[in-house]
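Given next are the chains, with one letter for each unit.
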Amino acid sequence: MFSDETEMRNVCRCVFLLLAALTSFTGALEVKYAQLGETATIKPPRLDRFRKYYVYWQLEGRQPEDNSLAWRNPSGGRGTSSDDQWKGRVSLSEDSLIIKDIRETDFKTFVFKRIHGSDTSSTKYKLLKLTVSVHPSTPLLPGDSLSLSCDAETHGGGDPEIHWLNPSGEKIKKSPGPLTLKVTSQDSGQWICVVANAKKEATVSVTVLDLSPAPPHPQYTSESWPLTVPCSLPAHIAWQQIKEKDVQEVHWHFVPESGLSQMLFSLSLEDPPTWKAGQNRELRPVPDPMKGNLSLTRSRGSEEDQGDYVCTMTFKNGVSLRRNVHVKVLQITSSPGTQLISGQQLNLTCSIGQPKPPDLQLKWVPPPQSPRSSAASDRRLGHLAIPEVGTGDGGKWRCQLWQSDALLTSAEITLKIEPRLSSWMLVVICSVTVIVVLLLILAFVVYRRRQRSTPLRRRLCKCKTPKPKGFYRT
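Notes on the structure follow. (Residues numbered from 1 in each chain as written. Predicted model: local features only at pLDDT ≥ 70, side-chain atom pairs only at ≥ 80, totals over all residues. Heavy atoms only, no water.)

## Observations concerning the sheet that holds strand β17 (residues 227-229)
This is how the line gets drawn: Should DSSP find at least two bridges between two strands, the strands are regarded as paired. Secondary structure elements are defined from DSSP: runs of H or I of at least 4 residues count as helices, runs of E of at least 2 residues count as strands, and each element is numbered from the N terminus.
Across the sheet, which stays open at both edges, the 3 strands sit in the order β17-β22-β21 with antiparallel pairing between neighbours. Every interior strand has two partners, whereas the edge strands, β17 and β21 (284-285), have only one. Taken together, the 3 bridges between β17 and strand β22 (residues 296-298) define a ladder with antiparallel strand orientation. Its bridge partner being in β22, V229 is matched across the sheet by L296.

## Examining the layout of surface pockets
Convention followed: Both site types are read off a 1 Å grid over the protein atoms alone. A 1.4 Å probe that fits but cannot get out defines a cavity, while an open set with protein on both sides within 12 Å along at least five of seven lines defines a pocket; lining residues have an atom within 4 Å of a point. Grid points are joined across faces, edges and corners, and a volume is the space filled by probe spheres set on the points. In this classification, Asp, Glu, Lys and Arg are treated as charged, Ala, Val, Leu, Ile, Met, Phe, Trp, Tyr, Cys and Pro as nonpolar, and every other residue, Gly included, as polar.
Size it by volume and the second largest pocket reaches roughly 220 Å³. The wall of the second largest pocket is formed by 15 residues, among which V31, K32, Y33, A198 and K199 lie closest to the centre. Put simply, the parts of the chain that give the lining of the second largest pocket at least two residues each are β1 (29-34) and β2 (40-42). The dominant element in the lining of the second largest pocket, judged by the number of residues it contributes, is β1, at 5 residues. Residues belonging to the lining of the second largest pocket are distributed by class as follows: 7 nonpolar, 3 polar and 5 charged.

## A word on the state of the cysteines
Heads up, the condition is: In what follows, a disulfide is any cysteine sulfur pair within 2.5 Å. Buried means the residue's accessible area, taken with a 1.4 Å probe over protein chains only, is under 20% of the maximum for its type, while exposed means over 50%, and partly exposed covers the values in between.
Evaluation of the coordinates by the stated rule reveals 3 disulfides. Here C150 is linked by a disulfide to C193, with a sulfur-sulfur distance of 1.7 Å. Linking C150 and C193, the disulfide has an S-S dihedral of approximately -70 degrees and is accordingly described as left-handed. With C150 in strand β10 (residues 145-152) and C193 in strand β14 (residues 189-195), this pair connects stretches of sequence that are 43 residues apart. With respect to class, C150 is no different from C193; both count as buried. With its sulfur 2.0 Å from that of its partner, C350 forms a disulfide with C399. Negative torsions about the S-S bond denote left-handed disulfides, and the value of about -90 degrees found for C350 with C399 makes this one left-handed. Linking C350 in strand β27 (residues 346-351) with C399 in strand β30 (residues 395-403), this pair joins segments that are 49 residues apart in sequence. Of the two residues examined, C350 and C399, each falls in the buried class. Ordering the disulfide-forming cysteines of the chain by sequence position, one finds them joined as 1-2, 3-4, 5-6.

Structure (C-alpha cells):
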C-alpha cells in the first residue's frame, strides 16, 4: 500500500514537472514595438540575484547556444554575435538586449533563455514595426492641414490601442486612419503616439511657424531706463524656410494712445534682408534679421513711447502673423518743481498714466544722504508728500516699479534744494545793503560840492593872427 502511494506521488511529481517545463519553454509571447533607425531595448523578467544563471538571447528557431545574439555566464563572462548582421549592434545591459539602429530585417521573434542547473526557462518577445509619419513636412503656417499617422503592426491578439498626446499633454482619441487637423500655434511641439497595450511611445516633432508670444504684461520703461520691444521667430527656423513659405511683408507699426498709426520700419526681403525706416522715433531694429530677431531697441525711453507696437509678418496665402506689444512709461512729477528752498513743501508723484494693476508695487528710493532713506522700503504709494524739505533731500530720487521680485523699470528725478535764509542773515544782508546805498549817496554829495567850489577862470580869446601890441586908430 505504501509502495502504491509512493509511486502515485512520483507520477504526480513528474506530471507537475513536465507541465512546468512545457510552460517555461513555451512562455507567454510579449509584443514589443520599435521604429526604424532607433535603439530598441528588450527587458526580460527580473532574475533572482542569489541564484547563478546562464543567460542567452537567441532568435526563434536557433537552439544551439553558440548561435546566440548575446550571452553571459555566472562567472561574469559575456559575449555578442559576430554575425555581420548583428556585429556591433547588439549588447547586454544587465540582462536586457540592446539593439541599435533597427533595420527592416530586425522585426523578428527573440527568445530570452535562462539556465540554472537543470532548471531552464525562456520567454519570447515579438518585435513589431511602429511607423509614425507627418504630412506635409513642417514647418507649417497657422491654418494649414496636418495629417499624423501612427501605424502599428499586429500579431494575432487584436488591434493595438493607439492614441495621441498633443504638445500640451492632452489625450486625443484616434479614430481609424490618420489624425487630421487645422494647426494653430498651440500645435507646435512634440506629438506622442502611444501604443497603450504595448507600453510604447513614439515621438514626432511638428513646427508651426509663428512669432514669439507677446509678453504677458506691458513693457515698462522710463526716461532713465532702456526700452526693448520684443518680436522674434523660433530659433530653429532658418530664414530660408521663411522665404520658402512665400513671406511677402514684414513691418512694424506704432499706435500712440492718442493719434494715428505710424509706420516705423519695413523689411526689405532681398538678400540680405535690411530694415527701411519710416517715422523717426529714435528706435533701432536689432541687427541681422536673418537670425530671426525682429525686436526694436532704444537706449532710453521717452514719454512719447507710450502706446501699442505691432509686429506683422504677411505671407502670400493671406496668413498674417501679428504680435501686439503695449508699452507704458513710468514718470515722476514734482510740485512745485525740481528747484526748491529748504522748508518748502514737496509733492512727488510716480505713475504710469493710469491706475496700476494690483500685482504691481511702487517703491521710492531717496538719495543716500536723505533722512528719509530708512523709511524708503515702506513707501509703496505713488504719491509722496514731504511737508518740509531739507538740504539733505537734494539729489537723485528714484521710483521703482516691481512685480513680485522682478524689477520692471525705474524712473529718476534730480532735486536741487537751496538752504533757507534765517532772520539774522536777512538783517545782515539788509544792513549791508543800506550801508552801501548810504555810501553811494555820500560819495555823490561830496562830488557835487567839489564841483561847485571850484573858481571860474578868465577865458582869453586866442586869435589865429594876433596883432602887435600898441594903439590903433579905429
